Amino acid sequence: MTKKTYVEADLCGVKDGKVDLYEVKCSHRIVKAKKQLHRLKRYIKHINKLYFYCGDSGMLHLIA
């Protein structure tokens, strides 16, 4: 039987039962990051916020 990864996030933070997920990309590929994070929402309940960190600009973006 083969194992398959369906979704993954680079960082997960938990506080007071709420989950924040972070996706890190070295270049500004926010579309790919959004797709990955929204896919995770199907599997994890109680997600508070989704974030994207761009290594080129050094900025953290909140994804709605």
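Below is a short write-up of the structure. Note that this is a predicted model, so its numbers are computed, not measured.

Pairing between the strands of a sheet comes from backbone hydrogen bonds, and it takes one of two forms, parallel or antiparallel. If you trace the four strands from one edge of the open sheet to the other, you get 1-2-3-4, paired in mixed fashion. Lying at the two open borders of the sheet, with one neighbouring strand each, are strand 1 (11-15) and strand 4 (59-63). Each strand of the sheet is rotated relative to its neighbour by a mean of 25°, with strand direction disregarded. Bridge analysis of strand 3 (residues 47-54) against strand 4 gives five bridges, and the strand direction is antiparallel.

Two cysteines joined by a covalent bond between their sulfur atoms form a disulfide. Applying the stated criterion across every chain, the model contains zero disulfides. Of the cysteine sulfurs around Cys 54, a residue in no disulfide, the closest is that of Cys 26, at 8.2 Å. On the basis of relative accessible area, Cys 54 is assigned to the buried category, the value being 1%.

Before going further, it helps to spend a moment on the side chain of Asp 20. Within the secondary structure, Asp 20 sits in strand 2 (residues 18-25). Of the buried charged residues, Asp 20 lacks a salt bridge, with Lys 49 as the closest side chain of opposite charge at 6.6 Å. In terms of polar contacts, Asp 20 uses its side chain to reach the side chain of Asn 48, at 3.3 Å. When sequence neighbours within four positions are dropped, the list of residues in contact with Asp 20 reads Leu 11, Cys 12, Gly 13, Asn 48, Lys 49 and Tyr 51.

Our next topic: the nonpolar core. Core analysis: the biggest nonpolar cluster contains ten residues, these being Val 19, Leu 21, Ala 33, Leu 37, Leu 40, Ile 47, Leu 50, Phe 52, Cys 54 and Ile 63. Counting only elements with at least two residues in this core, the list comes to strand 2, helix 1 (30-40) and strand 3. Of the residues forming this core, the biggest block, four residues, is contributed by strand 3. Setting aside residues up to four positions removed in sequence, Phe 52 forms contacts with Glu 23, Lys 25, Ser 27, His 28, Arg 29, Ile 30, Ala 33, Met 59, Leu 60, His 61 and Ile 63.

What counts as what
- Residues numbered from 1 in each chain as written.
- Predicted model: local features only at pLDDT ≥ 70, side-chain atom pairs only at ≥ 80, totals over all residues.
- Heavy atoms only, no water.
- Pairing = 2+ DSSP bridges.
- Helix = DSSP H or I, 4+ residues; strand = E, 2+ residues; numbered from the N terminus.
- Axes fitted to C-alpha atoms, helices over the stretch in contact; angles between N-to-C directions.
- Disulfide = S-S within 2.5 Å.
- Buried < 20%, exposed > 50% of the residue type's maximum accessible area, 1.4 Å probe, protein only.
- Lys, Arg positive; Asp, Glu negative; His and termini not counted.
- Salt bridge = Lys/Arg side-chain N within 4 Å of Asp/Glu carboxyl O.
- Polar contact = N/O pair within 3.5 Å; in protein donor to acceptor, adjacent residues only side chain to side chain.
- Contact = heavy atoms within 4.5 Å.
- Core = buried A, V, L, I, M, F, W, Y, C linked by side-chain atoms within 4.5 Å.

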